[in-house]
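# Secondary and tertiary structure notes
Below are the chains, spelled out letter by letter.
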Amino acid sequence: MSGTMTLFVVVALGAIGWIVARARATRMQAEAGRLATNSLPSQHGWYVALWTALPALVFLAVWANVTPALVLDSVLQAPAAQALPADGFTRSAILGEARAIASGAQAAAFNPQSMTLVEPFRDAARHYGGMGALLAVILAFAGGAYALSRVRPAFTARRRIEKLVMWLLLGASLIAIVTTAGIVGSLLFESMRFFSMVNPLDFLTGLKWSPQSAAMGYGNEDAFGAVPLFWGTIFIGAIIAMVVAIPLGLMSAVYLTQYARPQVRKWMKPTLEVLAGVPTVVYGYFAALTVAPALRSFAAAVGIPGASSESALAAGLVMGVMIIPFVSSMADDSIAAVPQAMRDGSLAMGATTSETIRRVLIPAALPGVVGGVLLAVSRAIGETMIVVMAAGLAANLTLNPFASVTTVTTQMVQLLTGDQEFDSAKTLAAFALGLVLFVVTLLLNIVALRVVKKYREAYE
Amino acid sequence: MADMQHIPNVKMSAQGVNVLYGEKQAIRDVSIEVDLENVTALIGPSGCGKSTFLRTLNRMNDTVSGARVEGRITLDGDDIYGADMDVVQLRARVGMVFQKPNPFPKSIYENVAYGPRIHGLAHGKADLDEIVEKSLRRAGLWDEVKDRLHESGTALSGGQQQRLCIGRAIAVEPEVILMDEPCSALDPIATARIEELILDLRGNYAIVIVTHNMQQAARVSQHTAFFHLGRLVEQGPTTEIFTNPREERTKDYITGRYG
Ligand SMILES: Nc1ncnc2c1ncn2[C@@H]1O[C@H](COP(=O)(O)OP(=O)(O)OP(=O)(O)O)[C@@H](O)[C@H]1O
Ligand SMILES: [Mg+2]
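Please read these numbers as outputs of a predicted model, since none were measured by experiment. (Residues numbered from 1 in each chain as written. Chains lettered and ligands numbered in written order. Predicted model: local features only at pLDDT ≥ 70, side-chain atom pairs only at ≥ 80, totals over all residues. Heavy atoms only, no water.)

### Quick notes on the overall build of chain A
Check the secondary structure of chain A and you find 16 helices and zero strands. Counting only residues that meet the buried cut, chain A has 41% of its 460 residues in that class. A fraction of 70% describes how many contacts in chain A between residues 6 or more apart in sequence connect residues 24 or more apart. Counting only carbon and sulfur atoms, one obtains 69% of the accessible surface of chain A, whose full area is about 23800 Å². (Helix = DSSP H or I, 4+ residues; strand = E, 2+ residues; numbered from the N terminus. Buried < 20%, exposed > 50% of the residue type's maximum accessible area, 1.4 Å probe, protein only. Contact = heavy atoms within 4.5 Å. Areas by Shrake-Rupley, 256 points an atom, 1.4 Å probe, with all protein chains shown as cover.)

Dropping the structure here:
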């Protein structure tokens, strides 16, 4: 029996369990009377169906993960396997080929020796597959029978299903958390390896970034000073982009909440929010192909030295535009959350609309706005596509916005693309950079959420 | 332009006022006069248009989209809906205290200083301090907050907040004070303080108060107007309205028989 077939059978058994249990519960209910039964017939049905299918499915999932090892084990016991070469590489190549042919993924062998192992692989796979299917079906029957035996009028299937659903939901939400933990774990692990080769202090405070020279064997000292990358990231994401995004976002939020007539707001707000849906790579194109050349010719025309075709300004400006809807929608929310009574109170004292905005609404909405800005910064410094395309690769430590700078994300892409071995300091540096980025954005998010939450409480 | 004809102590006068929210008429042909000597109480069942009418007196209905006001309302004889009336100036002269206390999320001091600052009433810090103190004293709040002027106004109790809002309104030296159910969120003690305050302010300010509390209307007002379904059913001296109403509907309402 193939895996898919087993799956199908288990699910079918569950369905049968459902029907049987429901019929049985219906009959019991007819005998006992509606009030004497705790749960609806279909709930008994679900209870039995889940008991039938779930344990068997879990077993199949586990089984699918352990069989390859069991199969390999038994193949190596086969007489044909004794002739395998001792050399690790050829040995695993032959085994892999034999396995692929046995499962039908590959038609012919490059290495004739593989053919001798195909039969043992097929046998073992058939053996363990059959065993798994049998066990799964037995488990399904056992579970179903157990559950069916519990179908009584007084049995609380309703509550038990509720509980099970709760566990299922919990499991679903845990997946995201566990994945995050896994990512952090691997980041930490790889970073540790990096920091065993490069002093963390040199990494965090060094002013010179040239991982290529380290890769070419000039040693790790002085090659991994990440300060120019941090500076580039801050320069573009937290300074230039925010200089664009904060005033524009705030002003558009004020306009939308306070001045715009409902008809105007109705089309303008969604239009602004569409900006947030544009893929960042499109912004990247725009920055690299339109904004950057324009800025360069401008800089050349007015005689600013050091102008490059990839500039911090180009990336920062475009990123700022990208972030506008972020800032404006957070600001919009916080301004709208300031109670109408505040606004009325101010207007009733003879304040004009703009005085009311400046002196009451914005101060009252400020924490929310600050939270929004922090979230926007955290997004901007993690943004990759725009800076990869428009900011450049030169790790310059410069204040000139027309010069090329590089960012943490750009360098991570650089370090990890192309053929790399995963144990050189050069590749591992990407993980250390990722860790720094992760920690910084995490802190920003935590602070931002706190600020926003505190602010929400102020009006409750 | 002051109307030479008007009686000197009539502060505001409304003639034939209609208010429409879109198609819906909330106020129908209301005429009333407000003067300095008498506190005017507006009473009537919920939804009869008391707040709506009150808000026409300082043009707060302008902030409601779709609201339209017809008729003539004057302040010292000048049409407040006239072309040469500055609405910002009008609201400085006709202050308002809302049903729910709405201090700004600023310090107590800043709450009171807000109006004087905007209208440039204070010359220097000392002057502003004085205005703040005077306003808070008149609002009967000074003694309770004088040591914590720089704490947030929103941290005060409901009754204190309402007195702060009254102080804030007084600080701009308005000529008329409109109060929309100022005590509806307050306990009896805080209510008593505010009633005291209203009696205090009477004579210096023209006061219009909306209330659902008949005893309160009887205690603080000298002139009462009864609204029903957007119309002004009956008005007159408070004692008369309460002891000898001409209209059956008024009688039913003040005796609590209103269904
Ligand atoms: N912004 C608005 N838009 C449309 N209709 C409104 C608006 N405000 C009030 N109304 C309507 O106008 C009528 C009068 O309302 P108003 O608030 O003046 O009543 P009120 O006498 O103050 O009632 P209450 O004692 O409950 O405060 C009501 O029917 C109300 O539904
Ligand atoms: Mg009202």
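Picking up where we left off.
### Focus on the overall build of chain B
The secondary structure content of chain B amounts to ten helices and ten strands. Buried positions account for 54% of the 259 residues belonging to chain B. The long-range fraction of contacts in chain B, counting pairs at least 24 apart against all pairs at least 6 apart in sequence, stands at 65%. Approximately 11400 Å² of chain B is accessible, and the part contributed by carbon and sulfur atoms is 47%.

### Remarks on the sheet that holds strand 8 (residues 206–210) of chain B
All names here are of chain B. Taking strand neighbours across the sheet as the criterion, the six strands line up as 6-7-8-3-9-10 in an open arrangement whose pairing is mixed. Each edge of the open sheet is held by one strand with a lone partner, namely strand 6 (94–97) and strand 10 (231–237). Neighbour to neighbour, the strand axes of the sheet diverge by 15° on average, direction disregarded. As judged from the four bridges shared by strand 3 (residues 40–43) and strand 9 (residues 223–228), these two strands associate in the parallel manner. Pairing of Ile43 across the sheet is with Phe226, part of strand 9. Across the sheet, helix 6 (residues 158–171) touches strand 6 and strand 7 (176–180), and the angle it forms with strand 6 is around 175°. (Pairing = 2+ DSSP bridges. Axes fitted to C-alpha atoms, helices over the stretch in contact; angles between N-to-C directions.)

### Focus on the site of ligand 1
Residue and element names in this part refer to chain B. Around ligand 1, the structure places 13 residues, and the nearest of them are Lys24, Ser46, Ser51, Thr52 and His212. Lys24 is positioned with one of its side-chain polar atoms (N or O) 2.7 Å from an oxygen atom of ligand 1. In this structure, Gly49 approaches ligand 1 through a main-chain N or O atom, which is 3.0 Å from an oxygen atom. In the complex, 63% of the free accessible area of ligand 1, which totals 630 Å², lies under the protein chains. (Near = heavy atom within 4 Å. Polar contact = N/O pair within 3.5 Å; in protein donor to acceptor, adjacent residues only side chain to side chain.)

### Focus on the side chain of Glu195 of chain B
All names here are of chain B. Its location among the elements puts Glu195 in helix 7 (residues 188–201). Take Glu195: its relative accessible area is 7%, and that puts it in the buried class. Setting aside residues no more than four positions away along its own chain, Glu195 makes contact with Gln216, Arg219 and Val220.

### As for the environment of Ala253 of chain A
Residue and element names in this part refer to chain A. Examined against the element boundaries, Ala253 turns out to sit in helix 8 (residues 227–259). Assessed through its relative accessible area of 0%, Ala253 is described here as buried. With 80 residues separating them in the primary sequence, Ala253 and Asp333 have C-alpha atoms 8.5 Å apart. Setting aside anything within four residues of it in sequence, one finds Ala253 in contact with Ser328, Ala331 and Asp332.

### What to know about the side chain of Glu181 of chain B
All names here are of chain B. With respect to the element layout, Glu181 can be found in the loop between strand 7 and helix 7. Among buried charged residues, Glu181 stands out as having no salt bridge; its nearest opposite-charge side chain is Lys50, 5.1 Å away. Those residues in contact with Glu181 that sit more than four places away from it in its chain are Gln99, Val210, Thr211 and His212. (Lys, Arg positive; Asp, Glu negative; His and termini not counted. Salt bridge = Lys/Arg side-chain N within 4 Å of Asp/Glu carboxyl O.)

### Section: the interface of chain B and chain A
Each side of the interface is counted separately: chain B has 23 residues, and chain A has 18 residues. Across the chain B/chain A interface, buried area totals approximately 1600 Å², and carbon plus sulfur atoms make up 66% of it. Connecting chain B to chain A are zero salt bridges. In this structure, the connection of chain B to chain A is made through four residue pairs in polar contact (both at pLDDT 80 or more). If you list the elements that add at least two residues to the side of chain B that touches chain A, you get helix 2 (87–93), strand 6 and helix 3 (108–119) of chain B. Broken down by element, the residue count for the side of chain B that touches chain A peaks at five residues, all from helix 3 of chain B. Across the side of chain B that touches chain A, the residue classes break down as twelve nonpolar, six polar and five charged. (Buried area = accessible area lost by both parts, 1.4 Å probe. Nonpolar A, V, L, I, M, F, W, Y, C, P; charged D, E, K, R; others polar.)

### Comments concerning the sheet that holds strand 1 (residues 10–21) of chain B
The pairing of strands in a sheet happens through backbone hydrogen bonds and is either parallel or antiparallel. Residues and elements named next belong to chain B. Pairing in this open sheet of four strands is antiparallel, and the strands run 2-1-4-5 from one edge to the other. Edge positions in the sheet fall to strand 2 (24–35) and strand 5 (78–79), since each of these pairs with one other strand and no more. When strand 1 meets strand 2, the two strands line up antiparallel, connected through eight bridges. Directly across from Ala14, in strand 2, lies its bridge partner Ile32.

### Overview of a nonpolar patch on the surface
Residues and elements named next belong to chain A. A cluster of nonpolar side chains, contributed by Met166, Trp167, Leu170, Leu174, Ile177 and Val178, occupies part of the molecular surface with about 600 Å² of accessible area. Turning to its location among the elements, Met166 is positioned in helix 5 (residues 157–197). The partly exposed category is assigned to Met166, whose relative accessible area is 43%. (Patch = residues over 30% accessible without salt bridge, like charges linked within 9 Å, V, L, I, M, F, W, Y side chains within 5 Å.)

### Details of the pattern of salt bridges
Counted by the stated rule, this structure contains 21 salt bridges over all chains. For the salt bridge of Arg219 of chain B with Glu195 of chain B, the shortest nitrogen-to-oxygen distance reads 2.6 Å. Of this pair, Arg219 of chain B sits in helix 8 (residues 214–220) while Glu195 of chain B sits in helix 7, and the two are 24 residues apart along the sequence. By relative accessible area, Arg219 of chain B is classed as partly exposed at 45%. Members of the salt-bridge network, linked through shared partners, are Arg265, Lys269, Glu273 and Asp332 of chain A.

### Focus on the packing of helix 6 of chain B against helix 7 of chain B
All names here are of chain B. The interhelical angle for the contact between helix 6 and helix 7, taken along N-to-C directions, is 20°, at an axis separation of 9 Å. Looking at the two axes, helix 6 sits roughly parallel to helix 7. Along this stretch, helix 6 crosses helix 7, giving a crossing that reads as right-handed. On helix 7, the residues touching Gly159, Gln162, Arg163, Ile166 and Ile170 of helix 6 are Ala190, Arg193, Ile194, Leu197 and Leu201. Here the contact of helix 6 with helix 7 is built from residues that sort into six nonpolar, two polar and two charged. (Parallel < 35°, antiparallel > 145°, perpendicular 65-115°, else oblique. Left-handed = near helix turned anticlockwise from the far one by under 90°.)

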